[in-house]
Structures are given as structure tokens and as C-alpha cells.
Amino acid sequence: MKKDKAHFVAFMGVMFALIFVLFLLEGAVLSGLGMTACILSLPVAIALSIYDDWKKSFVGGTLLGLASCIFCLIFASLFIFYANPLISVLPRCFIGITAYWTYFGLSKLFKKAKSVFVRESIPAAIAGVVGSLTNTVLYLFAINIWSGDFMGSFTAIMSVAVSIYFPIELVACLVLVPVYVAVLKKVNHTLIHKPQKLIENAESVSENDNLS
């Protein structure tokens, strides 16, 4: 069990590093516009939240929020307002929760379908859309609450976010989340569950040898 947890912690560390690097890449390309679109990092975060059980559903969004917070602190001259954890982290904790239960419900609904695409890809794609919607709505709502600015630059930023960033993120999540979920399930089985089973089998053989 301890080794299984160690594998999981190491895996989460790798995934956080990946999300952060992707967020940096997105920020480097789009920071001149004053906001960043999570075209690559958001689908990874959603996939990380739904590929396993519900207990880990908050992980992906939380890691994305932490990456966003650190990014805003690094580039404080442009994004210091968004470094507030109540804006960058808290709203994103719910991304994976809504996406997971969407994925879970649709997987149950389509579990008897003969097509793998219908059984696995469609639920993941729709969950990606729900996760993207959750991210946009809660993130903008948090900005709205903490900025106190309902006119001027805030209105302009929201207009750009809704008209440009949101559709791009939505399409990215629709397309990429099913791919990432399939990859994560394979990686999880290979690096975490399979080694744990080998350890348990080895311990069982050792106990039988001692008894004999």
C-alpha cells in the first residue's frame, strides 16, 4: 500500500510539472493579450480528474489552479490580481468534480454499447465540455466578485474571454480529453496498478514458501 501511494504521489508530481509547463507555454504565447487560454493544460487537468475514481476527481483542477497561481506570481506585473488563490485555485477545484460525475453517468448509460467510441470517447468528450464550462463560469465569477469592477477594462477582458478563449478551450477539451483519458488509463495501469499486483504476488509466494 505504501509503495502504491508513493507511485501515485510521484505520478501526480509528474502531472503537475506537465500542466505547469503547458501553462507556461500558453502564457508565453498569449500573455500579451492580458489573459491566457488553457488550450492544452485544461484538457490534461480534466482527464486527470476523470480517468480514475471519484476520490481523485478534484486533483486535476487543483493542480491547474496551483500552476495558474504560480504563473501569475512569476509574471506579477501582468497577472498579480489573478494570483489570488480564491480566483486561480478555488474555482478550479470543481472542474474535475463536475466532469467526473458527467463521465461516470454517461459511462454507465453507454456501458452496453458495442462501439468503444460510444462507450469511452463520447462520455470523455462530453465530460471535457462540462469541465471547460465549469472552469470558465466559476473562474469569471470569482474574478467578478473579487475585482469589484463591472465596467471598463473588466468588461473588455470578459468579452475577449467569452468570445475567443472559451470557444477555443471548449473545442480543445472536446477533442483532447478522450485522448488523454485513454493515455492516462494505460499509464496508470502500467506504472501503478500492475507493479502493485506484482508486489502482492511476490509477497504471497514468499508467505507460501515460509509456510512450506
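Here we look at the overall build of the protein chain
Consideration 1: Scanning the protein chain from N- to C-terminus turns up eight helices and zero strands.
Consideration 2: Reading the protein chain from its N terminus to its C terminus gives the helix and strand order α-α-α-α-α-α-α-α.
Consideration 3: Within the protein chain, the fraction of its 212 residues that count as buried is 40%.
Consideration 4: A fraction of 73% describes how many contacts in the protein chain between residues 6 or more apart in sequence connect residues 24 or more apart.
Consideration 5: Roughly 11,400 Å² of accessible area belongs to the protein chain as shown, and the carbon and sulfur atoms make up 73% of that amount.

Brief notes about the nonpolar core
Burial of nonpolar side chains together is a common tendency in soluble globular proteins.
Consideration 1: By size, the foremost hydrophobic cluster in this structure holds 40 residues, and its most contacted members are I19, L48, I50 and V181.
Consideration 2: Listed by contribution, the elements that provide at least two residues to this core are α1 (2–30), α2 (41–50), α3 (59–74), α6 (95–109), α7 (116–147) and α8 (153–211).
Consideration 3: Once residues lying within four places of it in the same chain are set aside, the contact partners of L48 are F11, M12, M15, I19, K56, V59, G60, L63 and L184.

Quick look at the pattern of salt bridges
Consideration 1: Scanning the entire structure with this criterion turns up two salt bridges.
Consideration 2: Bridged by salt links that share partners, the residues D52, D53 and K56 form one connected network.

Rules of the game
Residues numbered from 1 in each chain as written. Predicted model: local features only at pLDDT ≥ 70, side-chain atom pairs only at ≥ 80, totals over all residues. Heavy atoms only, no water. Helix = DSSP H or I, 4+ residues; strand = E, 2+ residues; numbered from the N terminus. Buried < 20%, exposed > 50% of the residue type's maximum accessible area, 1.4 Å probe, protein only. Contact = heavy atoms within 4.5 Å. Areas by Shrake-Rupley, 256 points an atom, 1.4 Å probe, with all protein chains shown as cover. Core = buried A, V, L, I, M, F, W, Y, C linked by side-chain atoms within 4.5 Å. Salt bridge = Lys/Arg side-chain N within 4 Å of Asp/Glu carboxyl O.

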